[in-house]
Structures are given as structure tokens and as C-alpha cells.
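Chains, contacts and geometry: an overview
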Amino acid sequence: MFVYQIKVEYLGTDFVGWQIQKNGLSVQEVLQKALSKYFKKKIFIIGSGRTDAGVHATEQSAHFKIKKAILDKNTTMNSLNFFLKKYPISILNIEEKAKNFHARHSAKKRTYKYFIINRPGSLVIEKNKAWHVKKKLDLKVMAKGAKILKGTKDFSTYRSSSCSAKNPKRTLKEAKIKKNKNTIEITFISRSFLQQQVRSMVGCLKYLGEKKWSLEKFKQVMLSKNREFCAPPAPAHGLYLSKVNY
């Protein structure tokens, strides 16, 4: 049995998320159908994480197993992308891995990026690809808030009520903010995240940047470990799974 990793780019706007669900089309379902069609047998893929409905990926990672080795990766990749051409999904790379490789469990760190367009004018090019915030945000205080989030902490405040993780503690290795003209890019790096953790942290940072919260209030909300005190989560369409490292 051979194990292959695929790296995938997709726009999540019209999908119910990564994982197969009964209520609509998922990225996983589309990819599995393309792989099964190409290899002429049922293929099951496992992703590095389950991105929610509307969330995008510039480099999602997944793996699958087949009995025969892929002899020509470029031909295989081109054929698979031909089957995927009517969907906003592209396979960027295919690579053979060790038999014990697992896209989810072998991951050492995941990088998520969140994009905010901070300007009065409505979005055209970036519509459904970034969060449009009209009120001017204070980047300096947001950067201070991001620094507070770094480290090993109980992130219960930011987890979804439907989150199934047994342990709410996570180690946030990086939380940084940069701005280019009207675009604010927020980067988070951790081995793993709780469900809706990133979007909830961004929602709280936005409250901070709007001066709805003071830095002390922001810290109190984090330390409360209580979801009820969290700001509304940022919309899914500004979030991107950017990189998975092994």
C-alpha cells in the first residue's frame, strides 16, 4: 500500500466545509470523487483539519492510500485538476510519503491567516474573500492584544459550543498583525486549534481595534474561559488555512 499527500487550494464560499456532510457539498467529497474517478476505485482522503463552511485554503494538506504507485505525478495531477475544473479547487502537489504518514496526526504546526479590509468603500474584488470593516481600526492596540494571546493557555473563551476537543489548552506559537494599505493580515500558528478559535480571537481583536474594549477588558475576557463573554466570531470568508508543516 502506498501513501500519498496532496496539497490543495480552494475557495470555501460555496462549500459546507472540508468534511463530508449531508446538508451540502464539501471539499472532501469533490476531491474523493475526482480521485476515485481517476484511479477507477473508491478512494478515501483524510485532511489535516476540518475547515468550516466558507473558510478557504491556500495550502490544505490531505492523504490517501492506493495499492499501486503513481509513476507520473505531473500527469496524475493534471488529470485530477481536469476533473476538478468546474469547482474552485486545485491540487497543487502530490508526494509519496512514509506508510505511517497521517495528514492530521503527523502535523507539527498549522498556519491560519485572517484578512480584514479596513476601508469605508464596499468590497468588489475581495468580496467573500476578506472581512470588510468600515470603522478605522487601531492596529497598535490590536498588536498588543495579539501578543497577549501567545503562549500556552486555556482558550475556552474562544471555542465553539460544539467543539469536541477534550482539552481546551493550546500553545499559540505566533500571533502577529501586519497592514498593507487597507489590508490587515493576522497570522496564527499552533500545532492545533479549537473549533472556531481563530475566528473568535479575530472577533475579539476587532473589538479591541474599534475601542469597544480596553486592553484590560480584552485580557479579562480571555482569562474568564467563558464563551459568553467572547465577541462575535469574525465571518468565515476572511479565514485561510495557509500552511501545514510536518
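Scoring rules and cut-offs
Residues numbered from 1 in each chain as written. Predicted model: local features only at pLDDT ≥ 70, side-chain atom pairs only at ≥ 80, totals over all residues. Heavy atoms only, no water. Buried < 20%, exposed > 50% of the residue type's maximum accessible area, 1.4 Å probe, protein only. Helix = DSSP H or I, 4+ residues; strand = E, 2+ residues; numbered from the N terminus. Arc of directions from axis to C-beta. Contact = heavy atoms within 4.5 Å. Polar contact = N/O pair within 3.5 Å; in protein donor to acceptor, adjacent residues only side chain to side chain. Pairing = 2+ DSSP bridges. Salt bridge = Lys/Arg side-chain N within 4 Å of Asp/Glu carboxyl O.

1. Concerning helix α2 (residues 73–83)
Within α2, the full set of buried residues consists of Thr76, Met77 and Leu80. For α2, the angular spread of the buried residues around the axis is 95 degrees, confining them to a single face. Residues Asn74, Asn78 and Phe82 are exposed on α2 and point more than 90 degrees away from its buried face. Of the surrounding elements, those touching the buried residues of α2 are α1 (27–39) and β4 (89–97). One side-chain oxygen at the N-terminal end of α2 lies 3.2 Å from the backbone nitrogen of asparagine 74; it belongs to aspartate 72.

2. Considering the pairing of strand β1 (residues 2–10)
The pairing of β1 with strand β3 (residues 56–66) spans eight bridges and is antiparallel. Across the sheet, residue tyrosine 4 finds its bridge partner in β3, namely phenylalanine 64. Judged from the eight bridges that link them, β1 and β4 form a sheet pairing that is antiparallel. Its bridge partner being in β4, tyrosine 10 is matched across the sheet by isoleucine 89.

3. Some points on the pattern of salt bridges
The final tally for this structure, using the stated rule, is ten salt bridges. For lysine 97, the salt bridge is made with glutamate 95, and the minimal N-O distance between the two is 3.9 Å. Classification of lysine 97 by relative accessible area gives partly exposed; the value is 24%. For the salt bridge of lysine 211 with aspartate 138, the shortest nitrogen-to-oxygen distance reads 3.4 Å. Taken together, the residues lysine 211 in the loop between α4 (197–209) and α5 (215–224) and aspartate 138 in the loop between β6 (131–133) and α3 (139–149) connect sequence positions 73 residues apart. Connected via shared salt-bridge partners are Lys7, Glu59 and Lys243.

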